[in-house]
Amino acid sequence: MRGQFTGWPEQAMDVLWQLQGEPTHATRERYRADRERLVRQPMIALLNEVADTDARYEDFSVWHYRTDSWWWQHQGAVIRLGRKIEIGLRFDLDGLRIQGAWWYPDPGQVDMFRKAVACEGSGRELSAIVEEVREKGYDIFGDVMKRPPRGYPTGHPRSDLLRHRSLIAARPLGCGEWLHTPEAVGRVLWAAADLDALLMWLVRHVKRAA
């Protein structure tokens, strides 16, 4: 029976603090069990509850630890919505961060994205969505070319979007007391709703590889 999410225990921050810098192998092993119990397992419980609210959020992964110390200091997770389209979460000493991303595209996906951006209907829709997400406090970024791609005029009204080879919207959710309570589920769902129009546009237009 899976555990119910009750928030990250306050001791989770103590564990992450002990893993700052370049912790030795001995230090990592000393805190491995506590990190699993206090940091990683709460992320799994949170995403199970998020998935219970919407079947689209059922395909998720919560990362294990790797050789690089960064992975011990930051607990990451992704919810996959389409091919290379996902919601990412990260818990660390700064609190919780969320992003909606289309990145590391398959061959052909960038061309599909550009065609949809250039099309008057879908392109105008994406431009409005991106502006709305930005106004909600999200940073918009990605792998961006210095100039519009070949085949598109430099004066295209959406040349800024045409230059993208990936598209990411991200913002910190904070580090308040709510992190240690079930309220964190609602915070994640609220942020996911902010990103929904953007991610569903991407699912419709670039989810398949050519």
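Residues numbered from 1 in each chain as written. Predicted model: local features only at pLDDT ≥ 70, side-chain atom pairs only at ≥ 80, totals over all residues. Heavy atoms only, no water.

(A) Quick peek at the nonpolar core. Counting residues in hydrophobic clusters, the biggest one holds 59 residues, and the most contacted among them are Leu46 and Phe91. Here this core takes 13 residues from helix α7 (residues 183-206), the largest share from any one element. In contact with leucine 46, other than residues within four places in its own chain, are Phe5, Trp8, Leu89, Ala184, Val185 and Val188. (Core = buried A, V, L, I, M, F, W, Y, C linked by side-chain atoms within 4.5 Å. Buried < 20%, exposed > 50% of the residue type's maximum accessible area, 1.4 Å probe, protein only. Helix = DSSP H or I, 4+ residues; strand = E, 2+ residues; numbered from the N terminus. Contact = heavy atoms within 4.5 Å.)

(B) View of the packing of aromatic side chains. Inspection of the entire model under this criterion finds seven aromatic pairs. Measuring from ring centre to ring centre gives 4.2 Å for tryptophan 8 and phenylalanine 91, while their planes differ by 5°; the resulting arrangement is stacked. Here the residue tryptophan 8 occupies a position in the segment before α1 (11-18), and phenylalanine 91 occupies one in strand β3 (residues 85-92), the gap between them amounting to 83 residues. Looking at tryptophan 8, the relative accessible area reads 0%, which means it is buried. When the ring of phenylalanine 113 is compared with that of tryptophan 201, the centres are 6.0 Å apart and the planes differ by 80°; the resulting orientation is edge-to-face. On the criterion of sequence distance, the pair formed by phenylalanine 113 in helix α4 (residues 109-118) and tryptophan 201 in helix α7 is long-range, its members being 88 residues apart. Taking the relative accessible area as the measure of exposure, phenylalanine 113 reaches 0% and is therefore buried. By relative accessible area, tryptophan 201 is classed as buried at 0%. Through successive ring pairs, a cluster of aromatic residues spans Phe5, Trp8 and Phe91. Here the basic side chain of arginine 66 rests over the ring of tryptophan 71, its NZ or CZ set 4.1 Å away from the ring centre. In this structure, arginine 171 is placed above the aromatic ring of tyrosine 138, and the distance from its NZ or CZ to the ring centre is 5.4 Å. (Phe/Tyr/Trp six-rings, centres within 6.5 Å; stacked < 30°, edge-to-face > 60°. Lys NZ or Arg CZ within 6 Å of the ring centre and 35° of its normal.)

(C) Molecular detail of unusual backbone geometry. In this structure, lysine 84 takes a positive phi of about 70° despite not being glycine. Take lysine 84: its relative accessible area is 27%, and that puts it in the partly exposed class. Look at tyrosine 104: it is not a glycine, yet its phi comes out positive at around 45°. Its place among the elements puts tyrosine 104 in the loop between β4 (95-102) and α4.

(D) View of the sheet that holds β4. One open sheet holds the six strands; their spatial order is β1-β2-β3-β4-β6-β5, and the pairing between them is antiparallel. Two strands lie at the open edges of the sheet, namely β1 (60-62) and β5 (139-141), each paired on one side alone. Pairs of neighbouring strands in the sheet enclose a mean axial angle of 15°, with direction left out of account. Judged from the seven bridges that link them, β4 and strand β6 (residues 167-174) form a sheet pairing that is antiparallel. Paired with leucine 96 across the bridge in β6 is glycine 174. Contacts from α7 reach β2 (75-82), β3, β4 and β6, with the element oriented near 15° to β4. (Pairing = 2+ DSSP bridges. Axes fitted to C-alpha atoms, helices over the stretch in contact; angles between N-to-C directions.)

(E) The side chain of arginine 158, seen in detail. Summarising the element assignment, arginine 158 is placed in the loop between β5 and α6 (159-162). Setting aside residues no more than four positions away along its own chain, arginine 158 makes contact with Val117, Ala118, Cys119, Glu120, Gly123, Arg124 and Ser127.

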